[in-house]
Amino acid sequence: MATDYDSPRKTDDDLNEDSLQELQARRTDKSSGSIDIDETDLAESLELPGADLSNEELSLRVIPRQADEFTCGRCFLVHHRSQLAVERNGQQICRECAA
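Residues numbered from 1 in each chain as written. Predicted model: local features only at pLDDT ≥ 70, side-chain atom pairs only at ≥ 80, totals over all residues. Heavy atoms only, no water.

In the nomenclature of an unreviewed UniProt entry, the protein chain is known as dUTPase of Streptosporangium album.

Caption draft 1: View of the overall build of the protein chain. From N to C terminus, the protein chain includes four helices and four strands. Buried residues in the protein chain amount to 7% of all 99 residues. Partitioning the intrachain contacts of the protein chain with sequence separation of at least 6 by distance along the chain shows that 5% fall at a separation of at least 24. Working note: accessible area of the protein chain is about 9600 Å², and carbon and sulfur atoms make up 50% of it. (Helix = DSSP H or I, 4+ residues; strand = E, 2+ residues; numbered from the N terminus. Buried < 20%, exposed > 50% of the residue type's maximum accessible area, 1.4 Å probe, protein only. Contact = heavy atoms within 4.5 Å. Areas by Shrake-Rupley, 256 points an atom, 1.4 Å probe, with all protein chains shown as cover.)

Caption draft 2: Representation of a nonpolar patch on the surface. Together, Leu58, Leu60 and Val62 give the surface a local cluster of nonpolar side chains, amounting to about 370 Å² of exposed area. Along the chain, the position of leucine 60 falls in the loop between α3 (39–45) and β1 (69–71). (Patch = residues over 30% accessible without salt bridge, like charges linked within 9 Å, V, L, I, M, F, W, Y side chains within 5 Å. Salt bridge = Lys/Arg side-chain N within 4 Å of Asp/Glu carboxyl O.)

Caption draft 3: Broad picture of the pairing of strand β4 (residues 91–94). Of the pairings in the sheet, the one linking strand β3 (residues 84–88) to β4 comprises four bridges and is antiparallel in character. Its bridge partner lying in β4, glutamate 87 is registered against glutamine 92. (Pairing = 2+ DSSP bridges.)

Caption draft 4: Representation of unusual backbone geometry within the structure. For phenylalanine 76, which is not a glycine, the phi torsion comes out positive at approximately 60 degrees. In this structure, phenylalanine 76 sits in the loop between β1 and β2 (78–80). A positive phi is found at asparagine 89, a non-glycine position, where the angle reads about 50 degrees. Looking at the secondary structure, you find asparagine 89 in the loop between β3 and β4.

Caption draft 5: Main features of the environment of cysteine 94. Its place among the elements puts cysteine 94 in strand β4. Classification of cysteine 94 as buried rests on a relative accessible area of 1%.

What follows is the structure, given as structure tokens:
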């Protein structure tokens, strides 16, 4: 094998750091960690369907539909006029639903 004498030489410290066994040990140490999930914390964050939310308040501002927007007759989403593809039977259809 040819030796490149112009390349920088490694010291003993560099050789020890790059040993195959040490690199494999580092890889197994990183992958051995697991995340502990507390089931009670997870259960508290879930909301059941039909839960009583009468005492809850909305934390967002609802903006009414603007003059340059329309509600799609199929997906019922509000889109800008530029997304209007077709108007069928008095219903405005967006480009995504028309495709």
